[in-house]
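Chain residues, written in single-letter form:
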Amino acid sequence: MHAHTMHQKEIEIALKSNATVGLKNNSVEKNADLYGRNVITPKKRKSFIKRLIEALSEPMLLILEFAWVITAGVNIGKYLKNGEADFYECIGILLCVLLSAFLTLFMEGRSQKAFEMLGKVYDKISVKVIRDGKTVIISKEEVVCGDLVILESGNKIIADGRVVESNGLSVDESMLTGESVSVEKVADTVYSKTTPIAERKNMVYSGTFVRSGQGKMIVTAVGDNAELGKIANNLGEKDASAPLNEKLNKLGKTVTLIGGISATVVFILSIVRLIILQDFSFFTAQDAFLEAIVLIVAAVPEGLPTTAALSLTLNVVKLAKSNALIRKLVAAETAGAISVICSDKTGTLTQNKMTVGKVEAFNGGKNRLIVNCAVNSTAQLKRDKNSVEVFGSATEGALLKWIENEGCNYQKYRDKRLIGEVLPFNSHQKYMATEFLQDGEKTVFIKGAPEIVINDCALTENQKRSILREIERYQKNGKRVLAFSSQQGENAPCGLSGGKAVFDGYAVILDPVRKDVKSAVLNCKRAGISVMMMTGDNLETATAIANELDIISDKSQVVTADYIDSLDSSQLKKVISNLKVVARSTPTTKLKIVEALKGLGEVVAVTGDGVNDAPAISKADIGISMGSGSEITKEASDIVLLDDSFATIVKAVSFGRNIYKNFQRFITFQLTVNLTAMIVVIVSLAMGLTNPFSAVQLLWIDIIMDGPPALTLAMETDRGQFMNAKPVKRSDGIITPQMLMRIGAQGLFMSVVILFQYLYDFLGVGREGISTSVFCMFVIFQLLNAFNCRKIGSESIFKGFADNKLMLAVFFATFVFQIVITQFLCGFFSTVPLSAMTWLKIIAVCSLSVVFSEICKILYKFFKNSKIFLPQRVKS
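Residues numbered from 1 in each chain as written. Predicted model: local features only at pLDDT ≥ 70, side-chain atom pairs only at ≥ 80, totals over all residues. Heavy atoms only, no water.

Novice: Tell me about the overall build of the protein chain, residues and numbers included.
Specialist: What the protein chain contains, in helices and strands, is 32 helices and 23 strands. In the protein chain, which comprises 876 residues, the proportion classed as buried is 53%. For the protein chain, long-range pairs separated by at least 24 residues make up 72% of all intrachain contacts whose partners lie at least 6 apart in sequence. Carbon and sulfur atoms provide 58% of the accessible area of the protein chain, an area that totals close to 38,500 Å². (Helix = DSSP H or I, 4+ residues; strand = E, 2+ residues; numbered from the N terminus. Buried < 20%, exposed > 50% of the residue type's maximum accessible area, 1.4 Å probe, protein only. Contact = heavy atoms within 4.5 Å. Areas by Shrake-Rupley, 256 points an atom, 1.4 Å probe, with all protein chains shown as cover.)

Right under this line is the structure:
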């Protein structure tokens, strides 16, 4: 039903209603069955099984699951044949898989519950309707199409409806259209089918608010069929994968390939060695195959999902304390990759609270201005402890607040004995007038559009032009100006005076920007993040706010939605990078912009608080909503700003970038462990030697290296250095060239030292202790290398060495565990006890990895400064 195109009688006939007596009681259920009920269908939640399957489908876990199946199969086969098997490897791998999956589910569940505590999408609201000629109060869920709803100042509109009566009815539609100025509603007009929602003055829509006046509407659409419901149903699920997931998937495929190739080489070399030694049999080949599988486990950084979950969870908690509620764990990291923020204006960059910016009184007329603002208003201020809420026109409410700030009580001027005739405001005359009677004198106060009021005053033409030019400067800056005049005398008409009125002055009304937004925009620029404003406001207002916030440098960066809509996708991609402000934006326009930016490889965040922002927020890589905004928008978002502060986005970006760097630290550490293990094993087998590590030793190395020492790298904190760098591009790999150089250099250095000990026993531990010394040397090397990996750039590890105290404690504890299993669990781990002197020698030799790392950093700085060699720079 296109109700805005229909006359009142047509609506009444279609819905079997009446603009006077409303819907008959016997028609209520019929209309409910025919047109639906006033409830938006909730989204079906994913079952626990489905969420568990999704968690288990992570690339890293798939590799482990495959390894677990093979290992379990081999051991079950051995057990069935000879009654012996080693299931410790199977249990270890399975525990790692389940721990990572359940941790992810648990933390996402906690975040979701926290979000639900913010408030339900639809509040309990009572509605005043007329049925069978009687006024009744019902819940909003009971409203049906055809109901005659009474609209009063301050009401939240709970369904779409056709206005059938309007007495100064003005509606705030900013939550739906983005317009910060309330829209005056009329009953006696119809519009064409293609008229935009923002221009349908004969309609009101669910989710909007009555700012002033009174009226009645016949409900034309409820629930899913209302405009609010259509937007909610069109949100759907995000089909875009987060940058982190994309890069982890790519890493998983690469590591799987390398691990598979390495395991195959190891298996072939083992078989060749067995054949040469004439020790080949089904059981020895089976053991060789099991060793190859264990090597795959050691080669794959299966701790990455757990590290990712832990790092994200810790930062979710920290961000919540900083007033940013994360609804999806991955959003905490994706925030660090944001390259463009597309922000709504009203309620996001500005407060959506009309404020008097300036009052200019003429001819000593300040007192007359106060009385004028008080009597020419239908608004009310309601105080609730520390807050003041405006009921009625936001503009009139701003003027009332100004009166109170001047130390006056506006209510004392509203005594009915002081008020005479009133001429209400309408858009045709553009002013309102009120007779004020005091001390036997009559004064007519007029408030309205400057060009109307000023031209009615006893001013010279030069004075009028001068004042209007002054006012025009404010209007060009996007501010609203109201002019005031008065006329005394018994014969003064309640309206325009015919050029006899006294000009009392004017007031500049503005929707102020949030205090911390300008600095936040500057911080975004420093971090290489582009800020674009998409607003439903007019071009002048949008330009003024953008200038105030330093979003634009010239007017060529400002366009309207009509321009965007006239371009196809390829044309838009060519110009979108140069645009900073899009005025008169619609939900469709915002979606088009987001898609164009994502098509260019940008990681896009969309912020907003209104229903009109929800589709774009849902489509973006990161959707950010305001805690005080539309419930539909919060439902669509990934992050909710509980303090409504744009500056909190900068905090989220900083946290996200630190998370990304922590992943790089962990990956550098883990891949160095894996590379060292593969080099040592493959070279040993290629030289005809036995594998220096038993399967149990490899699994122990895998568990402790993927465990606490690695996880503590996820707890490194940002000291602010990451916010001076450009964001990571979607196309960039998570492993940088500099990381590869470090992994290769450190892995090769440690492998050479370990192989020298395996071949030549330079520590002098004797033939029986060589294998044990190699095992312990490998572990201590990697523990010390974890400290190297704290600084993935050229910064020395000794700077802030004691900042991560947990890492120091974990390092010491792991070292003690290594001593215990070596000295006291010899049979299980195939080791022999080592002397104290041997332990000291191992520690001294392994400390060379720190010296080697520091030398590499010095050489890197030298080559970089001399411009001889400059790999990709990655700040620590």
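Novice: Describe the sheet that holds strand S9 (residues 340–343), and please don't skip the residues or the numbers.
Specialist: If you walk across this open sheet you meet the eight strands as S8-S23-S22-S21-S9-S18-S20-S19, and the pairing is mixed. The sheet terminates laterally at strand S8 (324–326) and strand S19 (558–560), the two strands that pair on one side only. In this sheet, neighbouring strand axes are inclined to one another by 20° on average, regardless of whether the strands run parallel or antiparallel. Pairing between S19 and strand S20 (residues 581–583): three bridges, direction parallel. Looking at the pairing, valine 558 lines up with valine 581 of S20. (Pairing = 2+ DSSP bridges. Axes fitted to C-alpha atoms, helices over the stretch in contact; angles between N-to-C directions.)

Novice: Outline a nonpolar patch on the surface, listing residues and values.
Specialist: There is a patch of nonpolar side chains on the surface, built from Met687, Leu748, Val752, Phe756, Leu759, Tyr760 and Phe762 and spanning about 700 Å² of accessible area. Mapped onto the elements of the fold, leucine 748 is located in helix H27 (residues 737–760). (Patch = residues over 30% accessible without salt bridge, like charges linked within 9 Å, V, L, I, M, F, W, Y side chains within 5 Å. Salt bridge = Lys/Arg side-chain N within 4 Å of Asp/Glu carboxyl O.)

Novice: Tell me what's going on with the packing of aromatic side chains, and back it up with residues and numbers.
Specialist: Evaluated as defined, the whole model comprises twelve aromatic pairs. Judged by centre distance (6.3 Å) and plane angle (45°), the ring pair of phenylalanine 362 and tyrosine 506 falls under tilted. Pair noted here: phenylalanine 362 is in the loop between strand S10 (355–361) and helix H13 (366–375) and tyrosine 506 is in strand S17 (residues 502–510), with a separation of 144 residues, a long-range link. Given a relative accessible area of 0%, tyrosine 506 falls into the buried group. (Phe/Tyr/Trp six-rings, centres within 6.5 Å; stacked < 30°, edge-to-face > 60°.)

Novice: An account of helix H24 (residues 647–686) is requested, with residue identities and associated values reported.
Specialist: Over its 40 residues, H24 runs 58 Å from end to end, which matches the ideal 58 Å to within 8%, given 1.5 Å per residue. With 33 of 40 residues buried, H24 is to be regarded as a mostly interior element. With its phi angle positive at about 85°, glycine 688 sits one or two positions after the end of H24. (Expected span 1.5 Å × (residues − 1).)

Novice: Provide a residue-level description of the packing of H24 against H27, including the pertinent values.
Specialist: For the pair H24 and H27, interaxial distance at closest approach is 8 Å and the crossing angle is 40°. Here H24 and H27 pass one another in a crossing that is right-handed. Taking contact as the criterion, the partners of Gln664, Ile667, Thr668, Leu671, Thr672, Leu675, Thr676, Ile679, Val680, Val683 and Ser684 in H24 are, on H27, Met739, Ile743, Gly744, Gln746, Gly747, Met750, Ser751, Ile754, Leu755 and Tyr758. (Left-handed = near helix turned anticlockwise from the far one by under 90°.)

Novice: Describe the nonpolar core, and please don't skip the residues or the numbers.
Specialist: Core analysis: the biggest nonpolar cluster contains 55 residues, and Leu151, Cys342, Ile593 and Val606 have the highest contact counts within it. If sequence neighbours within four positions are ignored, valine 606 has contacts with Cys342, Val594, Ala616, Ile617, Ala620, Ile622, Gly623 and Ile624. Counting 53 residues, the second-largest nonpolar core is a separate cluster that includes Ile341, Ala542, Val558 and Met739. (Core = buried A, V, L, I, M, F, W, Y, C linked by side-chain atoms within 4.5 Å.)

Novice: Explain the sheet that holds strand S15 (residues 441–448) to me, using residue names and the numbers behind them.
Specialist: Where strands meet in a sheet, backbone hydrogen bonds hold them as pairs that are either parallel or antiparallel. An order of S10-S17-S16-S15-S14-S13 is seen for the six strands of this open sheet, with the pairing classed as antiparallel. Every interior strand has two partners, whereas the edge strands, S10 and strand S13 (419–423), have only one. The mean inter-strand angle of the sheet, taken between neighbouring strand axes irrespective of direction, is 20°. Across the face of the sheet, H13 comes into contact with S10, S13, strand S14 (431–438), S15, strand S16 (480–488) and S17 while running at roughly 75° to S15. Running over the sheet, helix H14 (residues 394–405) touches S10, S14, S15, S16 and S17 and is turned about 65° from S10.

Novice: Mind laying out the environment of alanine 786, listing which residues take part and the relevant values?
Specialist: Structurally, alanine 786 can be placed in helix H28 (residues 770–788). For the pair alanine 786 and glutamine 670, spaced 116 residues apart in sequence, the C-alpha separation works out to 8.9 Å.

Novice: Give me the lowdown on the state of the cysteines, citing residues and values where you can.
Specialist: If you walk through the whole model with that rule in mind, you get zero disulfides. For the unlinked cysteine cysteine 846, the closest cysteine sulfur is that of cysteine 776, found at 9.3 Å. You can call cysteine 846 buried: its relative accessible area is 0%. (Disulfide = S-S within 2.5 Å.)

Novice: Tell me about the pattern of salt bridges, and please be specific about residues and values.
Specialist: Any two side chains of opposite charge can pair, given that their charged atoms come close. Throughout the structure, instances matching the rule amount to 19 salt bridges. The shortest N-O distance in the salt bridge between lysine 345 and aspartate 511 comes to 4.0 Å. Taken together, the residues span a long stretch of sequence, with lysine 345 in helix H12 (residues 345–349) and aspartate 511 in the loop between S17 and helix H17 (517–526) at a distance of 166 residues. Classification of lysine 345 by relative accessible area gives buried; the value is 1%. One network of salt bridges, with partners in common, ties together Glu29, Asp33 and Arg37.

Novice: Requested: an account of helix H16 (residues 461–476), with residues and values cited.
Specialist: Taking 1.5 Å of rise per residue, the 16 residues of H16 would be expected to cover 22 Å, and the 22 Å separating its terminal C-alpha atoms lies within 8% of that figure. Listed as buried for H16 are Lys464, Ile467, Ile471 and Tyr474. Projected onto a plane normal to the axis of H16, the buried residues spread over an arc of 85° and lie on a single side. Facing away from the buried side of H16 by more than 90 degrees, the exposed set consists of Asn462, Arg473 and Lys476. (Arc of directions from axis to C-beta.)

Novice: Describe the side chain of lysine 447, listing the residues and the values that go with them.
Specialist: If you trace the backbone, lysine 447 turns up in strand S15. Side-chain polar atoms of lysine 447 contact the backbone oxygen of asparagine 376, separated by 2.8 Å. Reaching out from lysine 447, the side chain makes a polar contact with the side chain of glutamate 396 at a distance of 3.3 Å. For lysine 447, the contacting residues outside a window of four places in its chain are Asn372, Asn376, Glu396, Leu399, Tyr431, Met432, Val453, Leu482, Ala483 and Phe484. (Polar contact = N/O pair within 3.5 Å; in protein donor to acceptor, adjacent residues only side chain to side chain.)

Novice: Describe in detail the pairing of S14, supporting the description with residues and values.
Specialist: The buried fraction of S14 is high, at six of eight residues. In the sheet, S13 pairs with S14 via three bridges, with the strands oriented antiparallel. Bridge pairing links isoleucine 419 to phenylalanine 436 in S14. With eight bridges connecting them, S14 and S15 associate as antiparallel partners. Bridged to alanine 433 within S15 is isoleucine 446.

Novice: Would you mind going over the environment of leucine 23 in detail, with residue names and values included?
Specialist: Assignment of secondary structure puts leucine 23 in the loop between helix H1 (8–15) and helix H2 (25–35). Judged by its relative accessible area of 0%, leucine 23 falls in the buried class. What leucine 23 contacts, discounting residues up to four positions off in sequence, is Leu15, Lys16, Ser17, Val28, Asn31, Ile130, Arg131, Asp132, Val144, Cys145, Gly146 and Asp147.

Novice: Explain the confidence of the model for the protein chain to me, and be specific about the residues and the numbers.
Specialist: With 87% of its residues at a pLDDT of 70 or more, the protein chain has an overall mean of 83. Here residues 117–123 is modelled with pLDDT under 50, and outside its nearest four sequence neighbours on either side it reaches 13 contacts, counting other chains as well. Low pLDDT, under 50, characterises residues 237–241; the stretch is placed with 13 contacts to residues that sit more than four places away or in other chains. (pLDDT = per-residue confidence, 0-100.)

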